[in-house]
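Residues per chain, in single letters:
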Amino acid sequence: MTAIKHALQRDIFTPNDERLLSIVNVCKAGKKKKNCFLCATVTTERPVQVKVVKVKKSDKGDFYKRQIAWALRDLAVVDAKDAIKENPEFDLHFEKIYKWVASSTAEKNAFISCIWKLNQRYLRKKIDFVNVSSQLLEESVPSGENQSVTGGDEEAVDEYQELNAREEQDIEIMMEGCEYAVSNAEAFAEKLSRELQVLDGANIQSIMASEKQVNILMKLLDEALKEVDQIELKLSSYEEMLQSVKEQMDQISESNHLIHLSNTNNVKLLSEIEFLVNHMDLAKGHIKALQEGDLASSRGIEACTNAADALLQCMNIALRPGHDMLLAVKQQQQRFSDLREHFARRLASHLNNVFVQQGHDQSSTLAQHSVELTLPNHHPFHRDLLRYAKLMEWLKSTDYGKYEGLTKNYMDYLSRLYEREIKDFFEVAKIKMTGTTKESKKFGLHGSSGKLTGSTSSLNKLSVQSSGNRRSQSSSLLDMGNMSASDLDVADRTKFDKIFEQVLSELEPLCLAEQDFISKFFKLQQHQSVLGTMTEAEDLDGGMLSRQHNSGTPLPVSSEKDMIRQMMIKIFRCIEPELNNLIALGDKIDSFNSLYMLVKMSHHVWTAQNVDPASFLSTTLGNVLVTVKRNFDKCISNQIRQMEEVKISKKSKVGILPFVAEFEEFAGLAESIFKNAERRGDLDKAYTKLIRGVFVNVEKVANESQKTPRDVVMMENFHHIFATLSRLKISCLEAEKKEAKQKYTDHLQSYVIYSLGQPLEKLNHFFEGVEARVAQGVREEEVSYQLAFNKQELRKVIREYPGKEVKKGLDNLYKKVDKHLCEEENLLQVVWHSMQDEFIRQYKHFEGLIARCYPGSGVTMEFTIQDILDYCSSIAQSH
């Protein structure tokens, strides 16, 4: 290692004016061993710079190179890893942590010791040394001013010190007193040695002269020791006296402590007694109210409520530790429990009697409502019961079993009461819908008693009727539902609409009022507590809600809203079946009633959902709305089916088809009903289905028609459809309106062209032959040279159609068209005018062919355009 140290000093540090003080052979921790050297160096020039240099052997040759250098002032921490056990690992914390493993622990310790000395000398202890043996640092503490930093290489650095001004002045005076001090140093040193010996002798004599003074000092010290012994004796006696006083004071302090402890215990005991008396003492008035209070009067109810609250406070008081072990407390708690049980029984019995009495009182008022379409008002009953709301809350928190029993009894009594009221109410509604007693029997109602007998089975037995007959002059409506819509006028439908609206308007406040009462009376609107012993087990017949009861404690369900909803389902279990029966009756009376019911029911569902989407009313009306929507879809399907089944007479002209007129009636009625309705989308979908069915079946009937030409059937019916859609302005059928117009126009043109081929049949055939020759490649001016189409043949054909014959042919055509067309659509003049225009167009076409194919022949028609206009006008006027 010494040889390496000298080589590094010579090759690396001497050229840089640096001196190598310590060296350690290391490699990086945790990696493959690539040895290098860490060197502690100082510069030879002032100010001195101390560095830690990493030196590595070159890969290309056997020499060392300087790899990296750190200033010692940048070193923050030296971590030796273990101050007790020998460990070659150590860390140096510069700008980052460098982990090293030394070749030996001795080298590591020597290097760390050198770093510590350099830190002491040049950095004034700025570096932290962690896990470094204190012994290692103590060995390195300097013992004098000129103590060396490390080995002999640093002696010169420590011995060399600058002289201060005083020392320089003394040396100058000494050298001035000896002129040869510079020229003869040996003589000067000898002189100095002699003077030093003289001074030593003087010092020895001075010491011997002071022996007498030392003896005097020793005597004084002996006297002082005697005085100290006397003082110690006095202090001992004082201490014995103070010890006696201390024992007496301790006894007094202990006595005071016992007195204070006794007083504290008395105060605490008084506080506990006052706590128990203040919080567990129930006034005699409250006890009397709980035992004998009048639960029928308002004053008695208020007194019982206050007493029940006071009892609950006493029972719910949070006792302090140990209170429950006191016999008096146990007796008081038992007394409270007995009072609670007694009052809970009295309250439950009284409320059950109130529920029963309400059923009897309300039944007596049913007779006066039986003839009117109104439901009895339960507000007085609710008002009377709400006086017990706070007591019900008390019962709910103290005796859940009795609270639950009251809940079940209330549902039982009220469900029977509401069932009677609602059934009578719906029977009145059904009688009013069907009208007289005679009409009531038609739909399965007995007018004498106003009762609906077997309404469901009677209504289901009503079959779908389809007359298949047209109205007179093709204007009668096809039967589109369970009964013919033509049998009922607007007044009947308006009457049904009002009755149905009245039914819903009566049911809605009834359900909302009952739900609000249940929420307030049974205290279900504030807490997320739940019905403990009830679960939904409601079947289609309105079965009872049940839940297994476990130790009388509430069992959780989703929320108190669920309990309210289940109570409402139990109480009003008959509403949904009755509404469905009423809807079925309305649908049997007139299938178009489903439109009124869909609009009204949708509005009430929308209103209920805005208030509470999960409420009983919202859910029930939503279920009924599904039935109404199903009936509406069935009505649409029946209309489409009956379109497909329609049969036409083979002996009479078709005219406007029944289902086309029915669609017009349906659309007009639907637009008046669905104006500003919430479920417009349902109607738009129905429109799309119906109009497609109308289009398809019009074409089907037109193809099957034998008496009336196909084009006439298509033209008249699509003209009627176009007129209907234009009048009603149904936005979702704009495309169908354009399609109907196009079909009407196309078939009008087709019918006109087909009909005009008959009055001038031979002339048409002749010119068709001319056009065929031209199409085959014969030049127009050469057509006259064809044997069958020469000028003589042309004149012969033209002579067959003089003006008189043309007028006769047009007159016959007018009569034929008049037979084809129906009067109700009034298209005769439109068709006749189109035929006039088409005839003139053909005339001009024939004149053009004559001019091109027979130039200079002088051949012309025997009638003019003006003649055609006069013929058509006179024929139209004559008919």
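Rules of the game
- Residues numbered from 1 in each chain as written.
- Predicted model: local features only at pLDDT ≥ 70, side-chain atom pairs only at ≥ 80, totals over all residues.
- Heavy atoms only, no water.
- UniProt positions renumbered as here; feature names shortened; annotations may be inferred.
- Pairing = 2+ DSSP bridges.
- Helix = DSSP H or I, 4+ residues; strand = E, 2+ residues; numbered from the N terminus.
- Axes fitted to C-alpha atoms, helices over the stretch in contact; angles between N-to-C directions.
- Buried < 20%, exposed > 50% of the residue type's maximum accessible area, 1.4 Å probe, protein only.
- Core = buried A, V, L, I, M, F, W, Y, C linked by side-chain atoms within 4.5 Å.
- Domains from an automatic or database assignment.
- Contact = heavy atoms within 4.5 Å.
- Patch = residues over 30% accessible without salt bridge, like charges linked within 9 Å, V, L, I, M, F, W, Y side chains within 5 Å.
- Areas by Shrake-Rupley, 256 points an atom, 1.4 Å probe, with all protein chains shown as cover.
- Salt bridge = Lys/Arg side-chain N within 4 Å of Asp/Glu carboxyl O.
- Lys, Arg positive; Asp, Glu negative; His and termini not counted.
- Charge placed at Lys NZ, Arg CZ, Asp CG, Glu CD.
- Arc of directions from axis to C-beta.
- Polar contact = N/O pair within 3.5 Å; in protein donor to acceptor, adjacent residues only side chain to side chain.
- Phe/Tyr/Trp six-rings, centres within 6.5 Å; stacked < 30°, edge-to-face > 60°.

Going by what an unreviewed UniProt entry lists, the protein chain is known as Exocyst complex component 1 and is assigned to Carlito syrichta. According to its UniProt record, the protein chain has this under Subunit (unreviewed entry): "The exocyst complex is composed of EXOC1, EXOC2, EXOC3, EXOC4, EXOC5, EXOC6, EXOC7 and EXOC8. Interacts with EEF1A1. Interacts with SLC6A9; interaction increases the transporter capacity of SLC6A9 probably by promoting its insertion into the cell membrane." According to UniProt, the comment filed for the protein chain under the heading Sequence similarities (unreviewed entry) is "Belongs to the SEC3 family."

1. Side note on the sheet that holds strand β6 (residues 89–93)
An order of β4-β3-β2-β1-β7-β6-β5-β8 is seen for the eight strands of this open sheet, with the pairing classed as mixed. Strand pairing shows two members of the sheet lacking a second neighbour, β4 (64–71) and β8 (128–130), which therefore form its edges. Strand-to-strand, the axes of this sheet are offset by a mean angle of 30°, without reference to chain direction. In terms of strand pairing, β6 meets strand β7 (residues 97–102) through five bridges, oriented antiparallel. Looking at the pairing, Phe90 lines up with Trp100 of β7.

2. Notes on the pairing of strand β2 (residues 36–43)
Most of β2 is tucked away, with eight of its eight residues classed as buried. Burial of the side chains of β2 extends over both faces: Cys36, Leu38, Ala40 and Val42 are buried on one face and Phe37, Cys39, Thr41 and Thr43 on the other. In terms of strand pairing, strand β1 (residues 18–28) meets β2 through eight bridges, oriented antiparallel. Directly across from Val26, in β2, lies its bridge partner Cys36. Taken together, the six bridges between β2 and strand β3 (residues 50–57) define a ladder with antiparallel strand orientation. The residue bridging Leu38 from the neighbouring strand is Lys54, located in β3. Linkage of β2 to β3, two consecutive antiparallel strands, is achieved through a turn of six residues.

3. Some remarks on the nonpolar core
Core analysis: the largest hydrophobic core is formed by 171 residues, its most contacted members being Tyr410, Phe666 and Val831. The greatest single-element share of this core, amounting to 14 residues, is contributed by helix α14 (residues 400–434). Split by domain, the residues of this core number at least three in each of domain 2 (186–280) and domain 3 (784–877). Of all hydrophobic cores here, the second largest spans 32 residues; its members include Phe94, Ile112, Leu123 and Leu136.

4. What about the pairing of β6?
Side-chain positions along a regular strand alternate between the two faces of the sheet. With respect to burial, β6 is a largely interior element, four of its five residues being buried. Bridge analysis of strand β5 (residues 77–79) against β6 gives three bridges, and the strand direction is antiparallel. The residue of β6 that forms the bridge with Asp79 is Asp91. In textbook terms, the turn of a hairpin is the stretch between consecutive antiparallel strands, and for β6 and β7 this stretch comprises three residues.

5. Re the side chain of Asp497
Looking at the element boundaries, Asp497 is found in helix α17 (residues 490–521). Contact partners of Asp497, with chain neighbours within four places excluded, come to Tyr596 and Lys600.

6. Considering a nonpolar patch on the surface
Among the surface-exposed residues, Val214, Ile216, Leu217, Met218, Leu220 and Leu221 lie close enough to one another that they form a single nonpolar patch of about 540 Å² accessible area. With respect to the helices and strands, the residue Ile216 is situated in helix α7 (residues 211–279). Judged by relative accessible area, which is 42%, Ile216 ranks as partly exposed.

7. Side note on a negative patch on the surface
On the surface, a cluster of negative charge is contributed by Glu167, Glu168, Glu172 and Glu176. Checked against the element boundaries, Glu167 lands in helix α5 (residues 165–177). With a relative accessible area of 36%, Glu167 lands in the partly exposed category.

8. A word on helix α27 (residues 791–799)
Within the span of α27, buried status applies to Leu794, Val797 and Ile798. What you see down the axis of α27 is that its buried residues fit within an arc of 100°, all on one side. Opposite the buried face of α27, by more than 90 degrees, sit the exposed residues Gln792 and Arg799. With a side-chain oxygen positioned 3.3 Å from the backbone nitrogen of Gln792, the residue opening α27 is Asn790.

9. Quick word on the side chain of Ser784
You can see Ser784 is positioned in the loop between α26 (761–775) and α27. By relative accessible area, Ser784 is classed as buried at 12%.

10. Notes on the packing of aromatic side chains
Counted according to the given criterion, the structure contains 30 aromatic pairs. Pairing Tyr418 with Phe572 gives two aromatic rings, centres 4.5 Å apart and planes at 45°, and the pair type is tilted. In this pair, Tyr418 is assigned in helix α14 and Phe572 in the loop between α18 (560–571) and α19 (575–589), connecting sequence segments 154 residues apart. Here the two residues Tyr418 and Phe572 agree in accessibility, since each one is buried. Between Phe632 and Phe674, the ring centres sit 6.4 Å apart and the planes meet at 45°, which makes this aromatic pair tilted.

11. Focus: unusual backbone geometry
A cis amide bond links Arg46 with the next residue in sequence, Pro47, at an omega value of 0°. Mapped onto the elements, Pro47 comes out in the loop between β2 and β3. One non-glycine residue, Lys729, adopts positive backbone phi at about 55°. As for its position among the elements, Lys729 is in the loop between α24 (710–728) and α25 (734–756). By relative accessible area, Lys729 is classed as exposed at 65%.

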